[in-house]
Amino acid sequence: MGRITARRPVTKIVVGVGEDRVPDVLAVEEPLEIRVGGRPLAVTMRTPGSDVELAAGFLVSEAVIARGDQFRSAIHCGGPGTGGGGNTYNVLDVTLSPGTSAPAPEATRNFYTTSSCGVCGKAGIDAIETVSQYDVAADAAVLDATRLATFPDELRARQGIFDRTGGLHAAALFDAATGQLLVLREDVGRHNAVDKVIGWAVLNDRVPLRGCVLQVSGRASFELVQKAVMAGVPFLAAVSAPSSLAVELAEAAGLTLVGFLRGRSMNVYSHPHRIRAGAPATARRAEGALP
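First things first, this report covers the structure right here in the doc. Just so we're clear, the structure is a prediction, and the values are computed from it rather than from any experiment. (Residues numbered from 1 in each chain as written. Predicted model: local features only at pLDDT ≥ 70, side-chain atom pairs only at ≥ 80, totals over all residues. Heavy atoms only, no water.)

## Considering the environment of P234
In step 1: If you trace the backbone, P234 turns up in the loop between α6 (222-230) and β11 (235-238).
In step 2: With a relative accessible area of 0%, P234 lands in the buried category.
In step 3: Placed 23 residues apart in sequence, P234 and L257 show a C-alpha to C-alpha distance of 8.6 Å.
In step 4: Those residues within four positions of P234 in sequence are excluded, and the remaining contacts are V136, D139, L209, G211, C212, L255, T256 and R274. (Helix = DSSP H or I, 4+ residues; strand = E, 2+ residues; numbered from the N terminus. Buried < 20%, exposed > 50% of the residue type's maximum accessible area, 1.4 Å probe, protein only. Contact = heavy atoms within 4.5 Å.)

Structure follows, in structure tokens:
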């Protein structure tokens, strides 16, 4: 596995005090080329670590696979520019199980995927919205709001690399019925962190992720909703805002999307019937509010 953090000297300035040369810890960002059967599929900028999970989750997001038994193995391998075939941790070749179709040639990304963009390189808008094999709308799971409110703090408390660098996103899967934390992963890219936790589920034969909550440390973008739907996740909760397209997709797919999950407060943007709010509050309609 490649380095997760790196140390670099920085000049630290404190206004009114002066400056000093001190060491700093940075989150590593390196490219990962994902291949399937020896053929390049995509390049993503990620934090090294859990690369096999990242690839497995990415393949679910791209509708290449939908279940764990379709993912046979993966190996880091050498490639062009890596020193003549020696092992490198920035090229991962995936082998699919017999009978599983390889990605179509048009599925290959035209450009690399940055750590801030999970849909870069798509040929057009119609190629962005992939179709899930799982009916998220049919998931009957419900979740207490009081339990959901604890997830961001638990996520933050377990972000070990973030504590050292301050520069990583995190994603985690929780069991909606028990509140149990199933897995947590960190990465410079929020979409990579989500792919890693979904990939964990693939490798542990837990997809579709019925009755699970995908909790993320940042905002909820369209791509994160799409990844949740592709893995059969009925809840996506974020500590920050969703985008308009994320809300539209969540509503259409039957996913419960929660944003601004901070302390005891949250906004439920779609399918609120899955969230048990507890004692009802007095409804007040502010002037100009939606009916």
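So much for the structure itself; the text now carries on.
## Thoughts on the pattern of salt bridges
In step 1: A full pass over the atoms with the stated rule returns eight salt bridges.
In step 2: Between D51 and R46 there is a salt bridge, with the nearest N and O atoms lying 2.7 Å from each other.
In step 3: Judged by relative accessible area, R46 falls into the buried class, the value being 0%.
In step 4: In this structure, D195 and K227 form a salt bridge, with 3.0 Å as the shortest nitrogen-oxygen distance. You can see D195 sitting in helix α5 (residues 190-203) and its partner K227 sitting in helix α6, a full 32 residues away along the chain. (Salt bridge = Lys/Arg side-chain N within 4 Å of Asp/Glu carboxyl O.)

## Considerations on the environment of L245
In step 1: Relative to the helices and strands, L245 resides in helix α7 (residues 244-253).
In step 2: Considered as a pair, L245 and E223 are 22 residues apart in the sequence and their alpha carbons are 9.4 Å apart.

## Some words on the sheet that holds strand β3 (residues 30-36)
In step 1: In spatial order, the strands read β4-β3-β6-β5; together these four strands make up an open sheet with mixed pairing. In this open sheet, the two edge strands, each paired with only one partner strand, are β4 (39-46) and β5 (71-76). Averaged over neighbouring strand pairs, the angle between their axes works out to 25° when direction is ignored.
In step 2: Note that β3 and strand β6 (residues 91-96) share four bridges and pair parallel. (Pairing = 2+ DSSP bridges. Axes fitted to C-alpha atoms, helices over the stretch in contact; angles between N-to-C directions.)

## Things to note about the packing of aromatic side chains
In step 1: Following the criterion strictly, the structure yields one aromatic pair and no others.
In step 2: Taking 3.9 Å as the distance between ring centres and 5° as the angle between the ring planes, the aromatic pair formed by F151 and F174 counts as stacked. Residue F151 is found in helix α3 (residues 151-157), and its partner F174 is found in strand β8 (residues 169-175); the two are separated by 23 residues along the sequence. For the pair formed by F151 and F174, the shared burial category is buried. (Phe/Tyr/Trp six-rings, centres within 6.5 Å; stacked < 30°, edge-to-face > 60°.)

## Here we look at the packing of α5 against α6
In step 1: Running from amino to carboxyl end, α5 crosses α6 at an angle of 5°, the nearest separation of the two axes being 10 Å. The orientation of α5 relative to α6 falls into the category roughly parallel. On the side of α5, the interface is formed by R190, H191, V194, D195 and I198, while α6 contributes E223, L224 and K227.
In step 2: A class-by-class count of the residues in the contact of α5 with α6 yields three nonpolar, one polar and four charged. (Parallel < 35°, antiparallel > 145°, perpendicular 65-115°, else oblique. Nonpolar A, V, L, I, M, F, W, Y, C, P; charged D, E, K, R; others polar.)

## So, the sheet that holds β8
Through backbone hydrogen bonds, the strands of a sheet pair up, either in parallel or in antiparallel fashion.
In step 1: Strand order in this open sheet of six strands is β9-β8-β10-β11-β12-β13, and the pairing throughout is mixed. Each edge of the sheet is formed by a strand with only one pairing partner; in this case those strands are β9 (181-187) and β13 (265-270). Mean inter-strand twist for the sheet, computed between neighbouring axes without regard to direction, equals 20°.
In step 2: Where β8 lies against strand β10 (residues 212-216), five bridges are found, and the strand directions are antiparallel.

## Focus: the nonpolar core
Nonpolar side chains in soluble globular proteins generally cluster together in the buried interior.
In step 1: Among the nonpolar cores identified, the biggest contains 54 residues, and L59, L214, L236 and L257 are the most heavily contacted of them.
In step 2: Here this core spans two domains, and each of domain 1 (30-118) and domain 2 (143-276) adds at least three residues to it.
In step 3: Residues contacting L257, with those up to four places away along its chain left out, are A220, V225, L236, P242, A246, V247, A250, N267, V268, Y269 and S270.
In step 4: Listed in part, the 20 residues of the second largest apolar core include L181, F235, A237 and M266. (Core = buried A, V, L, I, M, F, W, Y, C linked by side-chain atoms within 4.5 Å. Domains from an automatic or database assignment.)

## Concerning α6
Because the α-helix completes a turn every 3.6 residues, residues three or four places apart line up on one side.
In step 1: Taken across its nine residues, α6 has nine buried, putting it largely inside the fold.
In step 2: When we look at burial in α6, the residues that qualify are F222, E223, L224, V225, Q226, K227, A228, V229 and M230.
In step 3: The inward-facing, buried residues of α6 abut α1 (51-61), α5, β10, β11, α7 and β12 (256-262).
In step 4: G232, located one to two residues past α6, shows a positive phi value of around 75°.

## Quick look at the pairing of β12
In step 1: The element β12 is extensively covered by neighbouring structure, given that five of its seven residues are classed as buried.
In step 2: Here β11 runs beside β12; their pairing, made up of three bridges, is parallel. Opposite A237, over in β12, you have V258 as the bridge partner.
In step 3: Crossover connection from β11 via α7 to parallel β12: handedness right-handed.
In step 4: Pairing of β12 with β13, which is carried by four bridges, proceeds in the antiparallel orientation. Residue pairing in the sheet places R262 in a bridge with S265 of β13. (Right-handed = clockwise from strand over helix to strand, strands pointing away.)

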